[in-house]
Amino acid sequence: MSVTRDKLIEAAVVALNQDESATIEQIATMAGVTRRTVHRYFNDRNTLVQECKQTMLQVCNLKMTQAYQSSQQPAIQLENMFYAALEVGIQYSFVKKLFKRNQYTNLVNNQERAYDDVKANWFKLVEILQQQGAIDKKLSIPWIYNLFGGMVDIAIEAQQAGDVARNDIKSFSWTSFKGSIGLQ
């Protein structure tokens, strides 16, 4: 993949994460190129969005799978998956928004199935932790999942706004998330 193509995808993810209706012109401006340059690589906005989706799914799936496989202890796996989501930040948020909008019904290719597998693994971790009494059973797993994603979104916003020191974001967000679900 060329540097310009990568740059366009990164700019599109940022622009679309901020505004799902971002135009080709807005994406081009964010990338520091002309609309014509965007069209040299992508026929239309839909093609660019699909390419962003596939690229971000690959990035997120890889990081989240590595985090899941990093330990045999569910609490550590969950923490590492949280940090992985923070690490890929905007990409994670972008993928989450795409799937939320699609209601998880358009799972047609391998990358999307892999995303669903990552999600299933995440759900299993939370279920195990609830069975062990480490997470409050009064909280539903979908609620915790949305809380997880919301905390990642808050961390991204805090980082972009410069409201919190970059070094503190990771510990603040994990402490907040685990405290909100009763994990010690």
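Scroll up to find the structure.
Residues numbered from 1 in each chain as written. Predicted model: local features only at pLDDT ≥ 70, side-chain atom pairs only at ≥ 80, totals over all residues. Heavy atoms only, no water.

## With respect to the overall build of the protein
Our working rule: Helix and strand labels come from DSSP, where a helix needs a run of H or I of at least four residues and a strand needs a run of E of at least two; each type is numbered from the N terminus. Computed with a 1.4 Å probe, the accessible areas rest on the Shrake-Rupley method; for each residue, only the protein chains presented here act as cover.
Looking only at helices and strands, the protein has 8 helices and 0 strands in total. Secondary structure elements in the protein, listed N-terminal to C-terminal, are α-α-α-α-α-α-α-α. Of the roughly 9,900 Å² of accessible surface on the protein, a fraction of 49% belongs to carbon and sulfur atoms.

## Some points on the environment of valine 38
As a reminder, the rule being used: In this analysis, two residues are considered to be in contact whenever any of their non-hydrogen atoms come within 4.5 Å of each other.
Following the sequence through the fold, valine 38 ends up in helix H3 (residues 35–41). The spacing of valine 38 and alanine 28 is 10 residues in sequence and 6.4 Å in space, taken between C-alpha atoms. Each residue touching valine 38, except ones within four places of it in the same chain, is listed here: Leu8, Ile24, Ala28, Val33 and Leu48.

## Overview of the environment of valine 14
Relative to the elements of secondary structure, valine 14 occurs in helix H1 (residues 3–18). Measuring from C-alpha to C-alpha, the distance between valine 14 and isoleucine 27 comes to 8.5 Å, with 13 residues separating the pair along the chain.

## Re the packing of aromatic side chains
As a reminder of what qualifies: The criterion for an aromatic pair is that two Phe, Tyr or Trp rings (for Trp, the six-membered ring) have centres within 6.5 Å, with stacked assigned to planes under 30 degrees apart, edge-to-face to planes over 60 apart and tilted to the rest. In this scheme, the term charge over a ring applies when either NZ of a lysine or CZ of an arginine sits within 6 Å of the ring centre and within 35 degrees of the ring normal.
Inspection of the entire model under this criterion finds 11 aromatic pairs. Residues phenylalanine 82 and tyrosine 83 carry aromatic rings whose centres are separated by 6.3 Å and whose planes lie at 70° to one another, so their mutual orientation is edge-to-face. Here phenylalanine 123 and tyrosine 145 contribute two aromatic rings whose centre-to-centre distance is 5.3 Å and whose plane-to-plane angle is 45°, an arrangement assigned as tilted. Remark: tyrosine 145 occurs in helix H7 (residues 141–161) and phenylalanine 123 occurs in helix H6 (residues 110–131); sequence separation between them is 22 residues. Through pairs of rings, three or more aromatic residues link up here, namely Phe82, Tyr83, Trp122, Phe123, Tyr145, Phe148, Trp174 and Phe177. Lying over the aromatic face of tyrosine 145, lysine 119 brings its terminal NZ or CZ to 5.1 Å of the ring centre. Positioned above the aromatic ring of tyrosine 83, the side-chain terminus of lysine 170 is 4.4 Å from the ring centre.

## Let's talk about the pattern of salt bridges
Keep this limit in mind: Salt bridges are defined by distance alone: a side-chain nitrogen of Lys or Arg within 4 Å of a carboxyl oxygen of Asp or Glu. Any residue under 20% of the maximum accessible area for its type is buried, any over 50% is exposed, and the rest in between are partly exposed; the area is computed with a 1.4 Å probe on protein chains only.
All chains considered together, the criterion is met by 3 salt bridges. For the salt bridge of glutamate 51 with arginine 5, the shortest nitrogen-to-oxygen distance reads 3.3 Å. Of this pair, glutamate 51 sits in helix H4 (residues 45–68) while arginine 5 is found in helix H1, placing the two residues 46 residues apart along the sequence. Between glutamate 25 and arginine 35 there is a salt bridge, with the nearest N and O atoms lying 2.2 Å from each other. Of this pair, glutamate 25 sits in helix H2 (residues 24–31) while arginine 35 is found in helix H3, placing the two residues 10 residues apart along the sequence. Relative accessible area serves as the criterion here: at 38%, glutamate 25 is assigned to the partly exposed category.

## Details of the packing of H7 against helix H8 (residues 166–181)
The condition that has to hold: Fitted lines through C-alpha atoms serve as axes, helices being fitted only where they are in contact, and the angles separating the N-to-C directions of these axes extend from 0 to 180 degrees. In these notes the angle categories are as follows: under 35 degrees is roughly parallel, over 145 is roughly antiparallel, 65 to 115 is roughly perpendicular, and the rest is oblique. For any helix crossing, the convention is left-handed if the near helix is rotated counterclockwise from the far helix by under a right angle, and right-handed if that rotation is clockwise. When residues are sorted by character, Ala, Val, Leu, Ile, Met, Phe, Trp, Tyr, Cys and Pro go into the nonpolar class, Asp, Glu, Lys and Arg into the charged class, and all the rest, Gly among them, into the polar class.
At a minimum axis separation of 10 Å, H7 and H8 run at an interaxial angle of 160°. Put simply, H7 runs roughly antiparallel to H8. For the pair H7 and H8, the crossing hand works out as right-handed. Between H7, through Ile144, Leu147, Phe148, Met151, Ala155, Ala158 and Gln159, and H8, the contact on the second element is made entirely by Arg166, Ile169, Ser173, Ser176, Phe177, Ser180 and Ile181. Residue classes in the contact of H7 with H8 are distributed as 9 nonpolar, 4 polar and 1 charged.

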